[in-house]
Amino acid sequence: MSEELIVEIKDLVKCYSSSRKIAVNSLNLNIMQGDRFGLLGPNGTGKTTTIKAVCGLIRYNSGSIRIFGSLVPRHMSKVKPLFGYVPQDLALYPTLTGFENLLVFGALYGIDGKTLKSKMNKLLENYGLYEHRNKLVGHYSGGMRRRLNLIVGIMHDPRFLILDEPTTGIDIQSKKIILDGLLDLNRGGTTLLYTSHDLGEAQQLCSRFAVLDDGQKIFEGSLDDAKSVNSLEDLYLSLTGREVRD
Amino acid sequence: MIIELRKIAALLYKDLLVLFRDRAGLMIMFFMPAALVVAITYIQDNTFKSVLELDVPVVLLNKDEGQFGLSVRQKIEESIFFNVTVLDNKSEVSSLKDDVWSGKYMIGIVIPENFTKSLSDNSTKVISRLFGGQSLTDLEVLDIEIYADPSIRDSLVNAVVSLLREYSTKFQMEFVFSRIHAQMFNFRAITSSMGGTTAPNIDEFDFVNINKRIITKGGIETDPPNSVQHNVPAWTVFAIFFIVVSFSASLIKERDEGSFVRLRTIAFPSYYYILSKAAIYLFVCILQFLLILCVGVWVFSLIGLSSFEYVGKLMPLLFVVVCTAIAAIGYAALVGGVASTHHQATVFGAVSIVILSAIGGVWVPVFAMPEICRIISGWSPLNWGLQAFYDVILRNCNVSEILLHCYKLTGFGVVTMVIGSVYGFRKSPLSQ
Ligand SMILES: Nc1ncnc2c1ncn2[C@@H]1O[C@H](COP(=O)(O)OP(=O)(O)O)[C@@H](O)[C@H]1O
Ligand SMILES: [Mg+2]
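Residues numbered from 1 in each chain as written. Chains lettered and ligands numbered in written order. Predicted model: local features only at pLDDT ≥ 70, side-chain atom pairs only at ≥ 80, totals over all residues. Heavy atoms only, no water.

Topic: the overall build of chain A
- When helices and strands are counted, chain A shows nine helices and ten strands.
- Put simply, chain A has 246 residues, and 53% of those count as buried.
- Partitioning the contacts of chain A with sequence separation of at least 6, the portion at a separation of at least 24 is 67%.
- When the accessible area of chain A is evaluated, it comes to approximately 10,800 Å², of which 48% is carbon and sulfur surface.
- Within chain A, the 27 negative side-chain charges are centred at a point lying 7 Å from the centre of the 30 positive side-chain charges. (Helix = DSSP H or I, 4+ residues; strand = E, 2+ residues; numbered from the N terminus. Buried < 20%, exposed > 50% of the residue type's maximum accessible area, 1.4 Å probe, protein only. Contact = heavy atoms within 4.5 Å. Areas by Shrake-Rupley, 256 points an atom, 1.4 Å probe, with all protein chains shown as cover. Lys, Arg positive; Asp, Glu negative; His and termini not counted. Charge placed at Lys NZ, Arg CZ, Asp CG, Glu CD.)

Structure representation (structure tokens):
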């Protein structure tokens, strides 16, 4: 059976005018239906920039991005209902409760009242937030916020889920819940695009990955390619060098 | 359609919750203006005149050709408070009234023909009746008319009244004493004619009436408004514009917290976002107005000030509130869109509103400002709002007569809202 092409990035170049920094340089990527695609690399190599360009949040200088065949950001309105976005910065209202946050975003996704209620309860239950649903998000722990951040990104059952460092700075338990949840979604047919600099985690989650350095792709392959070397970490260090990054 | 409505409802719900959980913001929007209106009115009611109330434009129509008119004219021209224009003595009273109504002058004074001569004649009569032991009650009363713009502080009109009173009394006394001098040799007659009864106090024989008239719509004259009628509109306008602080902060917080970025990846028209906030803050503005209205009507009478009068004007007032609120919301969207940080928006928002309100005549009436400020005053949206309120409250105008101010307010609001939103949308992704 022929795999569907979900994301097609061609010769993407993004240069921030304010810092004159070429954040992404001639990037080519194809993500197929069912992939768990990891975009890896040291800090400041353009992972978030790539993700934002894919989500239509920034304009890029040249190249093209297509999601489900539609050009981004020109046909963004066609694409919007089909993907979910879990940003690196928590995108929640701290003065609203967990429940209220979900209610607002759920209604904005256009989910109707009854479906929304049952879906909210199920997701809150699955991600261990049900008893905290009436607390203000501002009073949540880091792990709880990350989990809620993920729930908001998946509540409209997107076919394609984009996650920017979804597990940064949280405890092992929260991390496990999130990774299990993502694997679960993938089994259900959701394609994942995810960034991280945590290689152990990437090794658990990804089926395919690309390594970026200084805005350029320096490696792309499947986990098997990585296994031919000792571990992802060795591969990564041999690719990106050992000096500290900004 | 239902889905679209649900999306709008979700945004309204979100904005309402965010607003009502922001206690500090609520205090700023509701408590502060209410406290200000009480404090300022109370202070103004108890102290006369600020040093700044200078150079009031006054128009004088002196039909008297005698000494009285001349002296009054000289005295007013010398005064540092007034900037006098003297009309040709052939001018009509009605044209003077029109000029006051149109706002060209704040005070108009009319001294009638032959006023000096009448004063003198009256004095002669006083003396002869005094000496003849007759009653003074049926003497002819002389009138001086003062026309005032309703937006002027009553204290200033009273300054003119007392000046006229001082001169009329002075002239009367001089005439009376010169007659007495002439009758010196009849002195004995005076004492005998009084026959032991207490001598009448000459000050009480004040046969000059100085009539204060406030010009409103169609030249209709009313009682002078008190400072409450000035302060309630002034601080309502101020309060409405002060939502800029809270509104722009909420825009920036949403941008900083990242929720704005997430909203942009969700499928709904982007103008829903700003219109939802606008609707919530419009509601806030109406509440602010109702609160200040309640303070003006009930709290003022509790602390011994006269209460705010608005009977029959609630609808036009609400109309003005809505137009002013649109201007304020647009301005807030602009501040929130252009500012990069929460801090910038709060400080710039607050300071610019204080400045615009000062220029606009909220703190000091426009006519009392230096020339240059008077010119820029017309550029302050707070001035348009204030003028619209004064037209309704003080000049009894109806909605159709204040449309120009309202067009300006809404036009300003719409333009700034569009510019601010475009800026905000451009800025948000790059700021991270
Ligand atoms: N808004 C921005 N303006 C200017 N430069 C930026 C902006 N965002 C990111 N950059 C720069 O672009 C480069 C890539 O950043 P980013 O994509 O966030 O990296 P990563 O997510 O891989 O850590 C960095 O050098 C960063 O400093
Ligand atoms: Mg990043």
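Now that the structure has been shown, the text picks up again.
Some points on the coordination of the magnesium ion (ligand 2)
Residues and elements named next belong to chain A.
- Summarising the metal site, the magnesium ion (ligand 2) is bound by the protein donors Thr48 (OG1) and Gln88 (OE1), whose distances to it range over 1.9 to 2.4 Å. Of this pair, threonine 48 sits in helix α1 (residues 47-54) while glutamine 88 sits in the loop between β6 (83-86) and α3 (98-109), and the two are 40 residues apart along the sequence.
- Its relative accessible area of 23% is what places threonine 48 among the partly exposed residues.
- Owing to a relative accessible area of 29%, glutamine 88 belongs among the partly exposed residues under this scheme. (Donors = N, O, S within 2.8 Å, 3.2 Å for Na, K, Ca; no water.)

Some points on the side chain of Arg146(A)
All names here are of chain A.
- On the secondary structure map, arginine 146 appears in helix α5 (residues 142-154).
- Summary of buried charges: arginine 146 has no salt-bridge partner, and the nearest side chain of opposite charge, aspartate 89, is 6.8 Å away.
- Not counting the four nearest positions on each side in its chain, arginine 146 is found in contact with Pro87, Gln88, Leu90, Glu165, Pro166, Thr168, Ile170 and Ile178. (Salt bridge = Lys/Arg side-chain N within 4 Å of Asp/Glu carboxyl O.)

Observations regarding empty space enclosed by the protein
Residues and elements named next belong to chain B.
- This model, assessed by the stated rule, comprises three cavities of 30 Å³ or more.
- Computed from the structure, the largest cavity encloses a volume of approximately 110 Å³.
- For the largest cavity, the full set of lining residues is Leu251, Arg255, Phe260, Tyr273, Ile274, Ala333, Gly336, Gly337, Gly420, Ser421, Gly424 and Phe425.
- Secondary-structure elements contributing two or more residues to the lining of the largest cavity are α8 (227-257), α10 (270-302), α11 (314-338) and α15 (403-430).
- Looking at which element gives the most residues to the lining of the largest cavity, the answer is α15, with four residues.
- Of the residues that constitute the lining of the largest cavity, the class distribution is six nonpolar, five polar and one charged. (1 Å grid on protein atoms, 1.4 Å probe; cavity = no way out; pocket = protein on both sides within 12 Å on 5 of 7 lines; lining within 4 Å. Points joined across faces, edges and corners; volume = space filled by probe spheres on them. Nonpolar A, V, L, I, M, F, W, Y, C, P; charged D, E, K, R; others polar.)

Brief notes about the packing of aromatic side chains
- Following the criterion strictly, the structure yields 17 aromatic pairs over all chains and no others.
- Summarising the aromatic geometry, the rings of Trp235(B) and Trp363(B) are spaced 5.0 Å apart at their centres and angled 90° between planes, so their arrangement reads as edge-to-face. Taken together, the residues span a long stretch of sequence, with Trp235(B) in helix α8 and Trp363(B) in the loop between α12 (342-360) and α13 (371-377) at a distance of 128 residues.
- Residue classification places Trp235(B) among the buried positions, given a relative accessible area of 1%.
- Members of the aromatic cluster, connected to one another through ring pairs, are Phe68(B), Phe115(B), Phe171(B) and Phe175(B).
- Seen from the ring of Tyr130(A), Arg133(A) lies directly overhead, with NZ or CZ sitting 4.0 Å from the centre.
- Between the NZ or CZ atom of Arg262(B) and the centre of the ring of Phe105(A), over which it lies, the distance is 5.7 Å. (Phe/Tyr/Trp six-rings, centres within 6.5 Å; stacked < 30°, edge-to-face > 60°. Lys NZ or Arg CZ within 6 Å of the ring centre and 35° of its normal.)

Overview of unusual backbone geometry
Residue and element names in this part refer to chain A.
- The step from valine 72 to proline 73 runs through a cis peptide bond, and the omega angle for that step is 5°.
- Mapped onto the elements, proline 73 comes out in the loop between β5 (70-72) and α2 (76-79).
- For aspartate 11, which is not glycine, the phi dihedral falls at a positive 45°.
- Positionally, aspartate 11 belongs in strand β1 (residues 5-16).
- Residue classification places aspartate 11 among the partly exposed positions, given a relative accessible area of 43%.
- Notably, aspartate 214 is not glycine yet its phi reads approximately 50°, a positive angle.
- Turning to its location among the elements, aspartate 214 is positioned in the loop between β9 (208-213) and β10 (216-222).

Quick word on the interface of chain A and chain B
- Each side of the interface is counted separately: chain A has 36 residues, and chain B has 25 residues.
- Together, the buried faces of chain A and chain B total about 2,700 Å²; carbon and sulfur atoms form 64% of this surface.
- Its largest share of buried area at the contact with chain B, chain A owes to Leu57(A), Tyr93(A) and Leu108(A), together 26% of the area lost on that side.
- One can count one salt bridge joining chain A with chain B.
- Of all elements in the fold, only β6, α3 and α5 of chain A reach the threshold of two or more residues within the side of chain A that touches chain B. (Buried area = accessible area lost by both parts, 1.4 Å probe.)

Digging into the domain arrangement of chain B
All names here are of chain B.
- Taken domain by domain, chain B consists of domain 1 (2-48 + 226-431) and domain 2 (56-222).
- Listed by partner, the interface residues are twelve residues for domain 1 and 13 residues for domain 2.
- Inspection of the domain 1/domain 2 interface yields one salt bridge.
- Close ionic contact of arginine 395 with aspartate 149 constitutes a salt bridge, the shortest N to O distance being 3.1 Å. (Domains from an automatic or database assignment.)

With respect to the sheet that holds β1(A)
All names here are of chain A.
- Ordered by their spatial adjacency, four strands build an open sheet running β2-β1-β4-β5, and the pairing between neighbours is antiparallel. At either end of the open sheet lies a strand with only one pairing partner, and these are β2 (21-32) and β5. Direction aside, the axes of adjacent strands within the sheet are offset by 25° on average.
- Summarising the sheet, strand β4 (residues 62-67) and β5 pair through three bridges and their orientation is antiparallel. Bridge pairing links isoleucine 67 to serine 70 in β5.
- Strands β1, β2, β4 and β5 of the sheet are contacted by α1, whose axis makes an angle of about 120° with β1. (Pairing = 2+ DSSP bridges. Axes fitted to C-alpha atoms, helices over the stretch in contact; angles between N-to-C directions.)

A closer look at the nonpolar core
- By size, the foremost hydrophobic cluster in this structure holds 124 residues, and its most contacted members are Leu148(A), Leu150(A) and Met155(A).
- If you tally residues by element for this core, the top one is α8(B), at 16 residues.
- Contact partners of Leu148(A), with chain neighbours within four places excluded, come to Leu92(A), Gly98(A), Asn101(A), Leu102(A), Leu124(A), Leu129(A), Val137(A) and Tyr140(A).
- In this structure, Val7(A), Leu12(A), Leu39(A) and Phe83(A) belong to the second largest nonpolar core, which totals 33 residues. (Core = buried A, V, L, I, M, F, W, Y, C linked by side-chain atoms within 4.5 Å.)

Things to note about the confidence of the model for chain B
Residue and element names in this part refer to chain B.
- The predicted model of chain B averages 82 in pLDDT, with 86% of residues at 70 or higher.
- Summarising per-element confidence for chain B, the mean pLDDT is lowest in helix α7 (residues 187-194) (49) and highest in α11 (96).
- Long-range and interchain partners of residues 47-52, a stretch whose pLDDT sits below 50, account for five contacts in this model, where long-range means more than four residues apart.
- When the criterion is pLDDT under 50, residues 191-203 qualifies, and its contacts beyond four places in sequence or with other chains add up to twelve contacts.
- Our summary of model confidence lists the complex with pTM equal to 0.78 and ipTM equal to 0.90. (pLDDT = per-residue confidence, 0-100.)

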